[in-house]
Amino acid sequence: MEMPVVRECTVEECVYNRDQACHAQAITVGDMRHPHCDTYLNAPAKGGDPSATGRVGACKVANCRHNEQFECRAPGITVGHVESAVDCMTYAPA
């Protein structure tokens, strides 16, 4: 199985975000109830590999229709702000 890509991330203050793209090797999404980006980090320096495209390594949101055994099966995801949270915008209730 290939990990889904992070197609877009609009959270510019995240250390892994450059030009609306995620450059973390793999992100983790959520907890059992909320689809937040667990990998989000706000810090002064940028991180990640600028040549890498972020992917979803794990998803802990059990009630998402894209979740199968805590792995994301969506073809790709978008990450963005929902009020003050940083969330997977591709989340869809099962």
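Worth saying up front: this structure is predicted, and the values here are computed from it rather than measured. (Residues numbered from 1 in each chain as written. Predicted model: local features only at pLDDT ≥ 70, side-chain atom pairs only at ≥ 80, totals over all residues. Heavy atoms only, no water.)

Engineer: Outline the nonpolar core, listing residues and values.
Structural biologist: Counting residues in each nonpolar core, the largest one holds 19 residues, and the members touching the most others are Val-6, Ile-27, Val-29, Val-56, Ile-77 and Val-79. Those residues in contact with Val-6, other than ones at most four positions away along the chain, are Cys-22, Ile-27, Thr-53, Gly-54, Arg-55, Val-56, Ile-77 and Val-79. (Core = buried A, V, L, I, M, F, W, Y, C linked by side-chain atoms within 4.5 Å. Buried < 20%, exposed > 50% of the residue type's maximum accessible area, 1.4 Å probe, protein only. Contact = heavy atoms within 4.5 Å.)

Engineer: Can you lay out the pattern of salt bridges for me, pointing to particular residues and giving the numbers?
Structural biologist: Enumeration over the complete set of coordinates arrives at 3 salt bridges. Close ionic contact of Glu-2 with Arg-55 constitutes a salt bridge, the shortest N to O distance being 3.4 Å. Within this pair, whereas Glu-2 is found in the segment before strand S1 (5-9), its partner Arg-55 is found in the loop between strand S4 (27-29) and strand S5 (56-59), the two being separated by 53 residues in sequence. For Arg-55, a relative accessible area of 23% corresponds to the partly exposed category. (Salt bridge = Lys/Arg side-chain N within 4 Å of Asp/Glu carboxyl O. Helix = DSSP H or I, 4+ residues; strand = E, 2+ residues; numbered from the N terminus.)

Engineer: I'd love a proper account of the sheet that holds S1, names of residues and values included.
Structural biologist: Pairing is mixed across the open sheet formed by 3 strands, whose spatial order is S1-S8-S9. Two strands close off the open sheet at either side, each with one partner strand: S1 and strand S9 (85-88). Strand-to-strand twist across the sheet, computed as the mean angle between neighbouring axes with direction ignored, equals 25 degrees. (Pairing = 2+ DSSP bridges. Axes fitted to C-alpha atoms, helices over the stretch in contact; angles between N-to-C directions.)

Engineer: If you had to explain the side chain of Asn-67 to someone new, which residues and values would you point to?
Structural biologist: The residue Asn-67 is located in strand S6 (residues 67-68) in this model. Asn-67 gets classed as buried once you look at its relative accessible area, which sits at 14%. At a separation of 3.1 Å, a polar atom in the side chain of Asn-67 contacts the main-chain carbonyl oxygen of Cys-59. Contact partners of Asn-67, with chain neighbours within four places excluded, come to Cys-59, Lys-60, Val-61 and Ala-62. (Polar contact = N/O pair within 3.5 Å; in protein donor to acceptor, adjacent residues only side chain to side chain.)

Engineer: Break down unusual backbone geometry for me, with residues and values.
Structural biologist: Working note: non-glycine residues mostly have negative phi, and peptide bonds are mostly trans. Located in the positive-phi region is Asp-19, a residue other than glycine, with phi close to 55 degrees. Along the chain, Asp-19 falls in the loop between strand S2 (17-18) and strand S3 (21-22). A residue is classified by how much of its surface remains accessible, and Asp-19, at 78% relative accessible area, is exposed.

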